Amino acid sequence: MRAEKWKELKEYIEELKTIRVEPVTPKGFISTTGAYYYLNNGERIYRERIEKNHQDGSAAVVMPITENGECILSVEPRVHTKATVGIGFPAGYMEEGEHYFDTARRELMEETGYQASHLQYLTEFYQDEGCSAAYNYGVLATGCRKCGDQKLDRDEFVRYFTCYLDEVEELFHKKYILGSNSQLIYEKAKQYIK
């Protein structure tokens, strides 16, 4: 990767690292529900389900490519990971009744200020079948151009980072991008971007 890009990325990682943890009583964004499920074979099992903001947590994950061929990555706090900072593709929760392309457009604009000229469906998948009903959609966004500023929520801290596709590959190989959502989307996008 180009030296100036390494410097930029490492500054973002350092800025967004967790330096202290103060436990609090949960405020309710993430909750669990439990139920007994009766199977056709006559057995009964108990399972808990994670909900996010009283919804299932379905989302769109977007791999954006700019007009000049750079990929846009999000760098943001991921406090439950070893590094406490995650690098991946922009993503966000779908609103009730929202189409995943609309979510992809909205999240790309909110997190980066970029708009895409074309969206391509890549894949869909459950986030974690064992404890969640969250259903995610992967989208490739091409022809992205800067149209505005980020529009982040009050407690949302996202830095976006542009780099060439070979540099994205390098970030995967050096284990800077570890989220399974981003890994899957990248693999699915390869047929359209090479």
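Our structure's up above, just so we're on the same page.
Here is a short report on the structure shown in this document. On a predicted model such as this, the values are computed, not experimentally measured, just so you know. Residue positions are counted from 1 within each chain, in the order its sequence is given. In keeping with the predicted nature of the model, local features appear solely for residues at pLDDT of at least 70, side-chain atom pairs appear and are counted solely at 80 or more, and the whole-chain, interface and lining totals rest on all residues. To obtain the side-chain values, all non-hydrogen atoms of the structure were used and water was disregarded.

With that settled, the discussion passes to helix α3 (residues 165-173). Judged by how many residues are buried, α3 sits mostly within the fold: seven of nine residues are covered. Taken as a whole, α3 has its buried residues at L165, E167, V168, E169, E170, L171 and F172. Next to the buried residues of α3 lie α1 (3-16), β3 (59-66), β4 (70-77), β10 (159-164) and α4 (180-193). Two residues or fewer past α3, K175 is found with a positive phi of approximately 60°. Exposure categories follow from relative accessible area, calculated using a 1.4 Å probe and restricted to protein chains: below 20% of the type maximum is buried, above 50% is exposed, and the middle band is partly exposed. The numbering of helices and of strands both runs from the N terminus, where a helix is a DSSP run of H or I of at least 4 residues and a strand a run of E of at least 2. Only heavy atoms enter the contact rule, under which two residues are in contact if any of them lie within 4.5 Å.

What follows deals with the packing of aromatic side chains. Note on aromatic pairs: each is described by the distance of the centres and the angle between the planes. Two rings belonging to Phe, Tyr or Trp (six-membered ring only in the last case) form a pair when the distance between their centres is within 6.5 Å. Interplanar angles under 30 degrees mark stacking, angles over 60 mark edge-to-face geometry, and anything in between is tilted. The tally for this structure, following the rule as stated, stands at 10 aromatic pairs. Measuring from ring centre to ring centre gives 4.8 Å for F172 and Y186, while their planes differ by 35°; the resulting arrangement is tilted. With F172 in helix α3 and Y186 in helix α4, the pair connects residues that are 14 residues apart, well separated along the chain. For F172, a relative accessible area of 15% translates into the label buried. A residue is classified by how much of its surface remains accessible, and Y186, at 1% relative accessible area, is buried. In this structure an aromatic cluster arises from ring pairing among Y100, F101, Y121, Y126, Y135 and Y137. Stacked on the ring of F161, the Lys or Arg K5 has its end atom at 5.1 Å from the ring centre. In our convention, an over-ring charge means Lys NZ or Arg CZ found within 6 Å of a ring centre and within 35 degrees of that ring's normal. A cation over an aromatic ring shows up here: R44 above the ring of Y36, its NZ or CZ 3.8 Å from the ring centre.

With that settled, consider helix α2 (residues 100-112). In this model, α2 (13 residues) spans 18 Å end to end at C-alpha, consistent with the 18 Å of a helix rising 1.5 Å per residue. Within two residues after α2, G113 carries a phi angle of roughly 80°, on the positive side. Multiply 1.5 Å by the residue count of a helix minus one, and that product is the helix's expected span.

Before going further, it helps to spend a moment on a nonpolar patch on the surface. Patch membership requires over 30% relative accessible area and the absence of a salt bridge. Like charges are linked within 9 Å, and nonpolar side chains (Val, Leu, Ile, Met, Phe, Trp, Tyr) within 5 Å. Here, Shrake-Rupley sampling with a 1.4 Å probe gives the accessible areas, and only protein chains in the shown set may cover a residue. When a carboxyl oxygen of Asp or Glu is within 4 Å of a side-chain nitrogen of Lys or Arg, the pair counts as a salt bridge. A grouping of F29, I30 and Y93 is seen on the molecular surface, where their side chains present a nonpolar patch of about 300 Å² in accessible area. The residue Y93 is located in strand β6 (residues 91-93) in this model.

This brings us to the pattern of salt bridges. If you walk through the whole model with that rule in mind, you get 17 salt bridges. For D102, the salt bridge goes to R105, with nearest N and O atoms at 3.1 Å. With D102 and R105 both in helix α2, this residue pair falls three residues apart, about one helical turn. Residue classification places R105 among the partly exposed positions, given a relative accessible area of 46%. The network of salt bridges with shared partners includes E95, E98, R106, E107 and E110.

A few words on the environment of T18. Residue position: T18 is located in the loop between α1 and β1 (30-38). Here the alpha-carbon distance between T18 and P77, two residues 59 residues apart in the chain, equals 7.5 Å. In this view, T18 contacts V79 and T84; residues no more than four positions away in its chain are not counted.

Quick look at unusual backbone geometry now. Notably, T84 is not glycine yet its phi reads approximately 65°, a positive angle. Along the chain, T84 turns up in the loop between β4 and β5 (85-88). For K175, which is not a glycine, the phi torsion comes out positive at approximately 60°. Of note, K175 is situated in the loop between α3 and α4. Residue class for K175 comes out exposed when judged on its relative accessible area of 59%.

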